[in-house]
Amino acid sequence: MCRNIKPLFNFDPPATDQEVHDAALQFVRKLSGTTKPSKRNEAAFDRAVSSIAACAHELLDSLETSHPPRDRDEEAAKARARTVARFT
């Protein structure tokens, strides 16, 4: 799994359209093996990003949980602590 794709479910406030789009873009980049498609493949690349973002929205909207929403700032602090521990 790509490290740049972050979990987006069960946060308060919920994931934004931009966050979902960014995750979809990263996924398509990983699958295609390129960060920027050629002009010839640009339309297919953009369609894939849009399609995956729509599917991701559908998934996030349909998931259910009994756990309370996670706090974004708290999760970011945990990630920073893991980074510090990994690189020290």
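Everything discussed here concerns the structure shown above.
Residues numbered from 1 in each chain as written. Predicted model: local features only at pLDDT ≥ 70, side-chain atom pairs only at ≥ 80, totals over all residues. Heavy atoms only, no water.

**Some words on the packing of helix 1 (residues 17-32) against helix 2 (residues 42-62)**
The contact between helix 1 and helix 2 brings their axes to 8 Å, and the two run at 130 degrees. Taken together, the axes of helix 1 and helix 2 lie oblique to each other. The two elements helix 1 and helix 2 meet at a crossing, and its hand is right-handed. Counted together, Asp17, Val20, His21, Ala24, Leu25, Phe27, Val28, Arg29 and Ser32 of helix 1 and Phe45, Ala48, Val49, Ile52, Ala53, Ala56, His57 and Leu60 of helix 2 form the full contact between these two elements. Class assignment for the residues of the contact of helix 1 with helix 2 results in 12 nonpolar, 3 polar and 2 charged. (Axes fitted to C-alpha atoms, helices over the stretch in contact; angles between N-to-C directions. Helix = DSSP H or I, 4+ residues; strand = E, 2+ residues; numbered from the N terminus. Parallel < 35°, antiparallel > 145°, perpendicular 65-115°, else oblique. Left-handed = near helix turned anticlockwise from the far one by under 90°. Contact = heavy atoms within 4.5 Å. Nonpolar A, V, L, I, M, F, W, Y, C, P; charged D, E, K, R; others polar.)

**Here's the deal with helix 3 (residues 72-87)**
Side chains of residues three or four places apart in an α-helix project in the same direction, reflecting 3.6 residues per turn. With 16 residues, helix 3 ought to run about 22 Å at 1.5 Å a step, and its terminal C-alpha atoms sit 23 Å apart, in line with that. Backbone nitrogen of Asp73 and a side-chain oxygen of the N-cap are separated by 3.1 Å at the start of helix 3; the cap is Asp71. (Expected span 1.5 Å × (residues − 1). Polar contact = N/O pair within 3.5 Å; in protein donor to acceptor, adjacent residues only side chain to side chain.)

**A word on the pattern of salt bridges**
Taken as a whole and assessed by the stated rule, the structure comprises 4 salt bridges. Two residues, Lys78 and Glu74, come together in a salt bridge whose shortest N-O distance is 4.0 Å. Here Lys78 and its partner Glu74 are both found in helix 3, 4 residues apart, which amounts to about one turn of the helix. Classification of Lys78 as partly exposed rests on a relative accessible area of 40%. Here Glu74 falls in the partly exposed class, since its relative accessible area comes to 47%. One salt bridge in this structure joins Lys78 and Glu75, with 3.5 Å as the shortest N-O distance. Placement of both Lys78 and Glu75 in helix 3 is noted, with a separation of 3 residues, approximately one turn of the helix. (Salt bridge = Lys/Arg side-chain N within 4 Å of Asp/Glu carboxyl O. Buried < 20%, exposed > 50% of the residue type's maximum accessible area, 1.4 Å probe, protein only.)

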